[in-house]
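Observations on chain architecture
This is what each chain is made of:
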Amino acid sequence: MNKVHSEWLGLRVLRKEDQRLLTGSGKFVGDVTLPGMLTAIVYRSPYAHGRIVSLDLARARQHPGVVAVYGPEDIGSVGTIPMRMSPRDGLGECLQRPLPTGKVHYVGEPLALIVACDRYRAEDALEAIDLEVESLPALTDARAALQPGAPLVHEKFGTNLAEQLIMDKGDAARALAAAPVRVRERLRIQRHTGVPLETRGLLAAYDVAARTLTMWGVTKVPHFNRSVLARMLGHPEHLVRFVETEVGGGFGVRGEFYPEDFLVPWAAMRLGRPVRWMEDRCEHFVATNHSREQWHDVEIGATSDGRIIALTDTIHADMGAYIRTHGFVVPDRTAALLPGPYDIEHYHAEVMCALTNKTPTGTYRGPGRYEGTFVRERMMDVLAVRLKLDPAELRRRNFVSADAMPYDVGSTADTDPVIYDSGDLQSAFDAAIEMSEYDSFRREQANERGNGRLIGIGIGCLVEKSGTGPWEYARAEVDNSGHVLVFTGLTCLGQGLETTLSQIAAGPLGVHPDTITIIHGDTARIPFGVGTCGSRGAVVGGSAVHQAASSLREKILTLASSQLERPMDDLVLESGQVKVRGAPEMSLTLREIALLAGPTRVAEGIAPGLSVEAFFKAPMRAYPYGTHIAVVEVDPGTGVVRVLRYAIACDIGRAINPMIVEGQLTGGLAQGLGGALLEDLVYDGDGQLLTGTFADYLLPSASEMPGSVKLRLLEDAPSPLNPLGLKGAGELGCTGAGAAIANAVADALSPLEINIGELPLTPNRVRTLVREAMAANQ
Amino acid sequence: MKPTAFDYFDPPTLEEALSVLSECGDEAKVLAGGQSLVPMMNFRLVRPTALIDLNRLRSLDFIVEREGSVVIGALTRQHSVETSAITRTHAPLLAEALPFVAHLALRRRGTVGGSVAHADPAAEIPTVLLALGATMVAQGPKGTRVIPADQFFVSYFSTVLKADELLTELRVPAAPPRTGSAFLEVSRRKGDLALVSVATEITLTPRGVCERAALALGGVGSTPFAAVEEAQLIVGQVPSPRMFQEIGKRVAARISPDSDLHGSAQYRKDAAAVLVDRALQTSIARAAAESRSMESSK
């Protein structure tokens, strides 16, 4: 009876979400309208750093069509927005209030909320707000912010060093000093972030009679956000309801608790009318979390035959002006996973998390790992060049071996030890090498050089992290009509959750996935939930669904066994019926069994109802891994980089739906490629964001994708940490792209001995490197 | 991102459009395809008090061949020009450049006249018209003016058009026989404005001597740049690759592009030198090929 039922796993079931999304009937927050609804917009600081001398809202309040304008004094003291991940004491002065008092800290910081009959009037009124600020020097560089005498972002906090993280394994300093070969570089990853095509949006409605506050548009971790909101509003949590809507992309940035997540419901309660705020794209670029910006001073020590002995890194992470809900997760994960797939005896990293006068930061797909993978994999290639060794061969000499599993990296993630759970880290590498025809590439490269074309190949090996706990909730039910419902504490950010959870529940319950209804993202219907983030949905939430569905199966079979007077081993649950082996005339439908479970009919000792809850606890994380290989062409005259071919191989334990995983990998690759070549949140010295529109912040489009993308999913290393062997698949497609593309560009330009130390590889940056190299070689 | 309030007019005839424009004066903006103007209004970078929509003026939507020129109504959609047999036959450089203008959806809405009047110095159409020595026809209360392209563009987003004038027509000299053209561009992504673009057209004599050479660049200054004197270097010569490289260098030395987020002035000079060289090579090869095919079909 303990057989794992997974009949629908591994099948390319079409996404059940697509019918409504592709026909335009999906409901996004902007589609929800309520009678009497008002529009809110946010007045934001145009200055990066300064003391507020006066904020005059009087003229704006008089504007036609304006219902209310609220400033810091109207809101009063409601406290700060807490850290969701790894909260710690002593950081109160670095946490954001919905509206600040005293100072402005970054361009885009909310200063007032305008509520009006429509957005046109609201924007007219916004121009009538008079702000006077005594300007202070803007901190725009994480390293400069930590210099003695630097102005302070938060004076009461007393320093711009919000946190210092340390990883330590062995004796890295001594090992490095003794290493026969050492390579040292300063590398930088630019500030960029998740840019969902649907901006954030919120709709709040307050029912004055019932005292219930309902919020639409928060899709990610609704239960957490509900607790925070209830506390800040001083309103009972059970009277606050969060309802999920469809989203146009999450990527880490959506659904966290931002200042607007307080301001909008607060205004709706105050006014007793529904209030909707839709972030526009200009706001999005300054208001929604930024990510990724890090400096690395990194050094590797190795033997002369390329065995890595020691790795050290001093990391400066630019946190922006406040510590937001993600806390220090991004730099923490960089340092936790910097050693990646390699067995390194001595490791030391120090991370300086610096406050600056820029938009606060949070996670973005592959948080910390995109950055760390770029750094480590660039260093591998730098070492390979130094040792005159093929980059692939250097990697082969350093992988953690399969028999070392589970492997303790010696680092920590949120103080939990990082322990790789299973697998052969070289297997994905070998697959990617084969798919990319790496071994014949050097001949192709030489031929093309003869034709005047510079092409190059680059490898990015990675270990990802998935399955963040601590737990997830699920409930499986059969209703009185015999239909299967599954409730989950997860939310759907567009990754096909309803399809994959249906595939998981369908096996134990013996029904077709299409007949299962997945209910998610409504706190009134789902009592508990953590939510969807960090490649945890399938691993933790999927395991909870599997557990609930398996327990419900037991209950169905128990009830049927007693009714049919046959032992459970004789029963088969399939096509929505319990059948008896060898006795086709005997059967019960799920509907009949649901009636048997009624309170007056069910036997003593069995809980009434066909409904089973499960909490899956995940004390340890699962670590999927993979390798990216990029082939690029570089035009040395114009600096233009074209990605010609791309290969990703990865082991995710088990693919619930390979089609969906491939979609995840491809979409992730597009974003990773954006970070490698295009996307950059550039600030000037005054703390003004210069790339605040889609004309300057460049997202990759279909035209920028490689001509060929090959994907291979390995399932050789099921995770021992959950019943289905799952590892997360949401981020692998992104994580290795910066590394692989940068290494490929450096390889293409190897005749010029060019080093790539910084992303993105814009035509201007590449051409500058070429020009400098040519000047130096003359 | 919502515009300020404005009055909206959609005159049915050119005469009425001109009369509304005269009444509204400097405070009015003219709407053609709206692909640049509407975003600028939403950003509140422009705040017209009156918007005059020309889209009812069907008489300004045409492509004809007339007296050795391809004549295009100002309101003709970019996509219509791109796919027109007349353009492809008689103004191949324009046809080659149009796919570089934004994306298909935008070209189906955007007009050639709108692009020219908007006068973005990195835009493709103005650069091509300058290279080809096109003329612009404007109508105002005092009648019609014909303005050569090299006198039309004043600076960033600014032309010699007066506040009460409308651009009505573009006249592009038809390419003579034994002509080859090339349009090259470097941009951050497909469809973005050019960091640098190069438009060139070369006509050969039957003996392979360069009879005419046109060369213009976009994205390298406050207006499209016509490299007239550099192009002249190959006229009367049998052009060689070394000459093209030399022209590229000279052009790079003479332009004074601005630096911006996407490319420094130095970058633009480097890219201009390379693209000029490559574009001239391509256009001469195409001219020679056409010349050969004319000979063989005799």
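All figures in this text were calculated on a predicted structure; none of them were measured in a lab.

Residues and elements named next belong to chain A. Among the secondary structure elements, Arg-601 is positioned in the loop between α17 (590-596) and β25 (611-617). By relative accessible area, Arg-601 is classed as exposed at 52%. Those residues in contact with Arg-601, other than ones at most four positions away along the chain, are Leu-595 and Leu-596.

Each partner contributes residues to the interface: chain B has 24 residues there, and chain A has 30 residues. Interface area for chain B against chain A, summed over the two sides, is near 2,300 Å², with a carbon-plus-sulfur share of 55%. Its largest share of buried area at the contact with chain A, chain B owes to Met-1, Arg-188 and Arg-189 of chain B, together 29% of the area lost on that side. Between the two partners, chain B and chain A, sit 7 salt bridges. As a salt-bridge pair, Glu-127 of chain A and Arg-44 of chain B come within 3.2 Å of each other at their nearest N and O atoms. The interface formed by chain B and chain A contains 17 residue pairs in polar contact (both at pLDDT 80 or more). Considering each element in turn, the side of chain B that touches chain A owes the most residues, 7 residues, to helix α11 (residues 265-296) of chain B. Within the side of chain B that touches chain A, the residues separate by chemical class into 10 nonpolar, 5 polar and 9 charged.

Residues and elements named next belong to chain B. Here 3 strands make up an open sheet; going across it, the order is β1-β3-β2 and the pairing parallel. Each of the sheet's edge strands pairs with one partner strand only, and the pair in question is β1 (7-9) and β2 (28-31). For this sheet, the mean inter-axis angle between neighbouring strands, taken without regard to orientation, is 20°. Two elements, β1 and strand β3 (residues 50-53), share 3 bridges in a ladder whose sense is parallel.

Time to look at the sheet that holds strand β13 (residues 294-302) of chain A. Strands pair in a sheet through their backbones, by hydrogen bonds, and they do so in one of two ways: parallel or antiparallel. Residue and element names in this part refer to chain A. Overall, mixed pairing links the 5 strands, which are arranged β7-β15-β14-β13-β8 in an open sheet. One side of each edge strand has no neighbouring strand; the edge strands of this open sheet are β7 (161-169) and β8 (181-189). Adjacent strand axes in the sheet meet at a mean angle of 10° when their direction is disregarded. Packed onto the sheet, helix α11 (residues 369-387) meets β8, β13 and β14 (308-320) and runs at close to 145° relative to β8.

Glancing now at the pairing of strand β12 (residues 196-204) of chain B. Residue and element names in this part refer to chain B. Within β12, 9 of the 9 residues are buried, which leaves the element mostly enclosed by the surrounding structure. Residues of β12 alternate between two faces, with Val-196, Val-198, Thr-200, Ile-202 and Leu-204 on one and Ser-197, Ala-199, Glu-201 and Thr-203 on the opposite face, all of them buried. Direction of pairing for strand β11 (residues 179-186) relative to β12: antiparallel, over a ladder of 8 bridges. Within the sheet, the bridge partner assigned to Phe-183 lies in β12 and is Ala-199. Here 8 bridges tie β12 to strand β13 (residues 210-218), and the two strands are oriented antiparallel to one another. Note that in β13 the partner of Thr-200 across the bridge is Leu-215. Between the end of β12 and the start of β13, which pair antiparallel, lie 5 residues, with Gly-208 showing a positive phi angle near 90°.

Residues and elements named next belong to chain A. Met-405 connects to Pro-406 through a cis peptide bond whose omega is -10°. Here Pro-406 shows up in the loop between α12 (391-396) and β16 (407-413). Along the chain, Leu-759 connects to Pro-760 via a cis peptide bond; the corresponding omega equals -5°. With respect to the secondary-structure elements, Pro-760 resides in the loop between α20 (737-748) and α21 (763-777). Unlike most non-glycine residues, Lys-388 shows phi in positive territory, near 50°. Relative to the helices and strands, Lys-388 is located in the loop between α11 and α12. On the basis of relative accessibility, which here comes to 76%, the residue Lys-388 falls in the exposed class.

Using the criterion set out here, one finds 14 aromatic pairs over all chains in the structure. With 4.8 Å between their ring centres and 85° between their planes, Tyr-70 of chain A and Trp-266 of chain A make a pair best called edge-to-face. In this pair, Tyr-70 of chain A is assigned in strand β3 (residues 66-70) and Trp-266 of chain A in helix α8 (residues 259-271), connecting sequence segments 196 residues apart. The exposure class of Trp-266 of chain A is buried, given its relative accessible area of 12%. Arranged with centres 5.1 Å apart and planes meeting at 85°, the rings of Phe-152 of chain B and Phe-153 of chain B form a pair that is edge-to-face.

Right, let's talk about the pattern of salt bridges for a bit. What the rule picks out here adds up to 77 salt bridges over all chains. Close ionic contact of Arg-44 of chain A with Glu-260 of chain A constitutes a salt bridge, the shortest N to O distance being 2.8 Å. Of this pair, Arg-44 of chain A sits in strand β1 (residues 38-44) while Glu-260 of chain A sits in helix α8; the two residues are 216 residues apart in sequence, bridging distant segments of the chain. Residue classification places Arg-44 of chain A among the buried residues on the basis of a relative accessible area of 11%. The class for Glu-260 of chain A is buried, based on a relative accessible area of 1%. It is possible to trace a salt-bridge network through shared partners that takes in Arg-44, Arg-119, Glu-123, Asp-124, Glu-127, Arg-200, Glu-260, Glu-279, Asp-280 and Glu-283 of chain A together with Arg-44 and Arg-47 of chain B.

Right, let's get into the packing of α11 of chain A against α20 of chain A. Residue and element names in this part refer to chain A. Look at α11 against α20: their axes get within 7 Å of each other, and the N-to-C directions meet at 30°. Between α11 and α20, the interaxial angle falls into the category roughly parallel. For the pair α11 and α20, the crossing hand works out as right-handed. Along its contact with α11, which presents Tyr-370, Thr-373, Phe-374, Glu-377, Arg-378 and Asp-381, the element α20 presents Ala-737, Gly-738, Ala-739, Ala-742, Asn-743 and Ala-746. Looking at the contact of α11 with α20 residue by residue, the classes come out as 6 nonpolar, 3 polar and 3 charged.

Moving on: empty space enclosed by the protein. Residue and element names in this part refer to chain A. Evaluated as defined, the whole model comprises 4 cavities of 30 Å³ or more. In this structure, the largest cavity spans a volume of roughly 90 Å³. Around the largest cavity, the lining is made up of 13 residues, and of these Asp-318, Met-319, Val-330, Pro-331 and Thr-361 lie nearest the centre. Elements that contribute at least two residues to the lining of the largest cavity include exactly β14 and α10 (329-337). The dominant element in the lining of the largest cavity, judged by the number of residues it contributes, is β14, at 3 residues. For the lining of the largest cavity, a count of residues per class yields 4 nonpolar, 6 polar and 3 charged. The space that makes up the second largest cavity amounts to roughly 70 Å³.

All names here are of chain B. Within the secondary structure, Glu-27 is located in the loop between α1 (14-24) and β2. For Glu-27, a relative accessible area of 46% gives the class partly exposed. For the pair Glu-27 and Leu-54, spaced 27 residues apart in sequence, the C-alpha separation works out to 16 Å. Discounting residues that sit within four places of it in the chain, Glu-27 has contacts with Pro-48, Thr-49 and Ala-50.

Here is what the cut-offs are and how they apply
Residues numbered from 1 in each chain as written. Chains lettered and ligands numbered in written order. Predicted model: local features only at pLDDT ≥ 70, side-chain atom pairs only at ≥ 80, totals over all residues. Heavy atoms only, no water. Helix = DSSP H or I, 4+ residues; strand = E, 2+ residues; numbered from the N terminus. Buried < 20%, exposed > 50% of the residue type's maximum accessible area, 1.4 Å probe, protein only. Contact = heavy atoms within 4.5 Å. Buried area = accessible area lost by both parts, 1.4 Å probe. Salt bridge = Lys/Arg side-chain N within 4 Å of Asp/Glu carboxyl O. Polar contact = N/O pair within 3.5 Å; in protein donor to acceptor, adjacent residues only side chain to side chain. Nonpolar A, V, L, I, M, F, W, Y, C, P; charged D, E, K, R; others polar. Pairing = 2+ DSSP bridges. Axes fitted to C-alpha atoms, helices over the stretch in contact; angles between N-to-C directions. Phe/Tyr/Trp six-rings, centres within 6.5 Å; stacked < 30°, edge-to-face > 60°. Parallel < 35°, antiparallel > 145°, perpendicular 65-115°, else oblique. Left-handed = near helix turned anticlockwise from the far one by under 90°. 1 Å grid on protein atoms, 1.4 Å probe; cavity = no way out; pocket = protein on both sides within 12 Å on 5 of 7 lines; lining within 4 Å. Points joined across faces, edges and corners; volume = space filled by probe spheres on them.

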